[in-house]
Amino acid sequence: MTIVTRFPPSPTGFMHIGNARTALFNWLYARKTGGKFLVRIEDTDRERYSTEAVDIILKGLDWLGLGYDNTPVSQFEGRARHAEVAHELLKRGLAYECYCTPEELDAMREKAKTEGKPTYYDRRWRDAAPGAPKPPGIKPVIRIKSPLSGDTTVHDVVQGDVTVKNEQLDDFIILRSDGTPVYMLAVVVDDHDMGVTHVIRGDDHLNNTFRQNVIYDSMGWTKPTYAHLPLIHGADGAKFSKRHGAQSVDEYRLMGFLPEALNNYLMRLGWSHGDDEIITMDQAVEWFDIKDVNKSAARFDFAKLESINAHYMKMMDDSALLTLLIPFLKSHLDLDVNDTAKARLLSGMKDLKDRAKTLIQLAEESAFYVRAIPLPMTESALKNLDAAGKETLRLLHERLSALSLWNVENIDAVCRTLANDMHGGKLGKVMMPFRAALTGSDKSPALPHVAEVLGKEETLFRLSKI
Ligand code: GLU
């Protein structure tokens, strides 16, 4: 049997990272089993629908590298097929027309509320005689006949067996009076028609499963295997929300996270492979199994995401990282990168990337290679440029000018000699003003290397302008 998973997002205008994790698990399971990963756009809410919103999701999948095996299916386009199934059930006597007026429904709702019942519709049209008079001017809805007694168990791969009493299932509407299908019907028909074998989704959909199973059973269709993933929580244990941090995939992209890191981080929310923190997509494809997903909610840990991102940045090829960095220098700091700056960034990348947790941090910490002087100075950098610091720089300039071979060793030797001569061997007394002059900061990669990358002319120029 070919395994078919699916990702059916509603185009809401952004891609929630919880949805990204759902997509990832579906993708992993399909890739792991040599199956198919299908995308369906649940676009039946036409008031909120826009092509941009669909684009955001497809671009999000693309950025994450979660390729899919079909042209994304539009749920809205399938509405005639969904209605056809509703009528089929009607014809088979497994669904029925209900002509209740809004007033009648209100009264039923009130009654159920006072009686504390889980459902309200009293099924008054379920067994109405075929020729029973129909109230004029009312267009009927179609309701499905849910089982009246017993219970239903869902064998969920993640949640285990979950059972509900059938009396909690109402005869829910499957086709509205205007002939449009409800979501519950559309999902089942689409999943069936797309040959979906495994439904892997957030556990906020677990309740829907019982109703959806009524449709599967009525149509005599084979039910998929279910795996309901625990939702992501914030560090405080509450459901992950805006106050915990960025919610959308795009926000993480803009904050300078790499897709490799986000995938690695998200897959670990609910799934693990021993104590491994770093798991590449190839390894995950090899090791992933949906049955190993944890039932308890995972907590979002921003520091861990950052440390994983730092790892992937460190592992990345320097020029590939530079290509990713350039747009951040522009968007974040409004810096254009010319060829000189590009060459400097590339030479300095190894040291720079070892220090940064995100592309934004990398942009900030590498900007001194791109900027012309005067550089913006941090306050703590300025403190190193007092009278003693300036005098040190004057002498440093003198001695560095005399260097014929401009390399790390020679620059380092000049700094050390100067520290011995002027500051009783305290190297920091040379390096800190030097750092301020070259980078505008009190933190940077090792200075001799920075000076080597900047070149003799630019280094001396920056020193002379302090
Ligand atoms: N469209 C639903 C959502 O975005 C997914 C429904 C499902 O997975 O069955 O939450």
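Residue indices begin from 1 for each chain and proceed along its sequence in written order. Whole-chain, interface and lining totals are the exception, using all residues; otherwise, since this is a predicted model, local features are given only for residues with pLDDT of at least 70 and side-chain atom pairs are given and counted only at 80 or more. To obtain the side-chain values, all non-hydrogen atoms of the structure were used and water was disregarded.

**A few points about the layout of surface pockets**
Okay, so step 1: As a volume, the largest pocket reaches approximately 1,000 Å³.
Okay, so step 2: Using protein atoms alone on a 1 Å grid, points that fit a 1.4 Å probe yet trap it form a cavity, whereas open point sets bounded by protein on both sides within 12 Å along at least five of seven lines form a pocket; residues with an atom within 4 Å of a point count as lining. Looking at the largest pocket, it is lined by 38 residues, and the ones nearest its centre are Pro9, Ser10, Thr12, Asn19 and His205.
Okay, so step 3: Runs of H or I in DSSP of at least four residues are treated as helices and runs of E of at least two as strands, each being numbered from the N terminus. Residue assignment for the lining of the largest pocket shows that the elements contributing at least two residues are strand 1 (4–7), helix 1 (17–33), helix 5 (183–193) and strand 9 (198–202).
Okay, so step 4: The classification used treats Ala, Val, Leu, Ile, Met, Phe, Trp, Tyr, Cys and Pro as nonpolar, Asp, Glu, Lys and Arg as charged, and all other residues, Gly among them, as polar. Of the residues that constitute the lining of the largest pocket, the class distribution is 15 nonpolar, 11 polar and 12 charged.
Okay, so step 5: Grid points are joined across faces, edges and corners, and a volume is the space filled by probe spheres set on the points. Taken as a whole, the second largest pocket encloses approximately 270 Å³ of empty space.
Okay, so step 6: As for the second largest pocket, its lining consists of 15 residues, of which Glu364, Glu365, Thr378, Thr439 and Ser441 are closest to the centre.
Okay, so step 7: Here the lining of the second largest pocket is built from residues that sort into 5 nonpolar, 5 polar and 5 charged.

**So, helix 16 (residues 408–423)**
Spacing of three or four residues puts side chains on the same side of an α-helix, whose turn is 3.6 residues.
Okay, so step 1: An expected span of 1.5 Å times one less than the residue number is assigned to each helix. An ideal rise of 1.5 Å per residue puts 22 Å on 16 residues; helix 16 measures up with 21 Å between its terminal C-alpha atoms.
Okay, so step 2: Accessibility here uses a 1.4 Å probe with only protein chains present; expressed as a share of the type maximum, an area under 20% marks a residue as buried, one over 50% as exposed, and anything in between as partly exposed. Inspection of helix 16 places Ile411, Val414, Cys415, Leu418, Ala419 and His423 among the buried residues, and these make up the whole buried set. Seen end-on, helix 16 carries its buried residues on one side only, within an arc spanning 135 degrees. Residues of helix 16 that are exposed and point more than 90 degrees away from the buried face comprise Glu409 and Asn420.
Okay, so step 3: Any pair of residues with heavy atoms lying within 4.5 Å of one another is described as a contacting pair. On its buried side, helix 16 packs onto helix 15 (387–401), helix 17 (428–439) and helix 18 (447–454).
Okay, so step 4: Note on helix 16: the residue one or two positions beyond its end, Gly424, has a positive phi of about 55 degrees. Regarding the arc, it is the one traced by the directions from the helix axis to the C-beta atoms.

**Structural notes on the packing of aromatic side chains**
Okay, so step 1: Only rings of Phe, Tyr and Trp enter the pairing, Trp through its six-membered ring, and a pair is recorded when the two centres are within 6.5 Å. The plane angle decides the type: under 30 degrees is stacked, over 60 is edge-to-face, the rest tilted. The final tally for this structure, using the stated rule, is 10 aromatic pairs.
Okay, so step 2: Plain terms: the ring middles of Tyr99 and Trp125 are 5.1 Å apart, the flat faces sit at 50 degrees to each other, and that makes the pair tilted. One end of the pair, Tyr99, is in the loop between strand 4 (95–98) and helix 4 (102–115); the other, Trp125, is in the loop between helix 4 and strand 5 (141–144), and 26 residues separate them in sequence.
Okay, so step 3: Judged by relative accessible area, which is 9%, Tyr99 ranks as buried.
Okay, so step 4: Connected via pairs of aromatic rings, a cluster forms that spans Phe240, Tyr252, Phe257, Tyr265, Phe300 and Phe302.
Okay, so step 5: The ring of Tyr49 has Arg46 sitting right over it, with the charged end atom 4.0 Å from the ring centre. For a ring to carry a charge above it, either NZ of a lysine or CZ of an arginine must fall within 6 Å of the ring centroid while also lying within 35 degrees of the normal to the ring plane.

**Section: the packing of helix 5 against helix 6 (residues 206–219)**
Okay, so step 1: Between helix 5 and helix 6, the least distance of the axes is 9 Å, while the angle of their chain directions is 60 degrees. The way helix 5 lies across helix 6 gives a crossing that is right-handed. In this structure, helix 5 contributes Tyr183, Met184, Leu185, Val187, Val188, Asp191 and His192 to the contact, and helix 6 contributes Asn208, Arg211, Gln212, Ile215 and Tyr216. Note on geometry: axes are C-alpha line fits, over the in-contact stretch for helices, and angles between N-to-C directions span 0 to 180 degrees. Each crossing gets its hand from how the near helix is turned against the far one by less than a right angle, where anticlockwise is left-handed and clockwise is right-handed.

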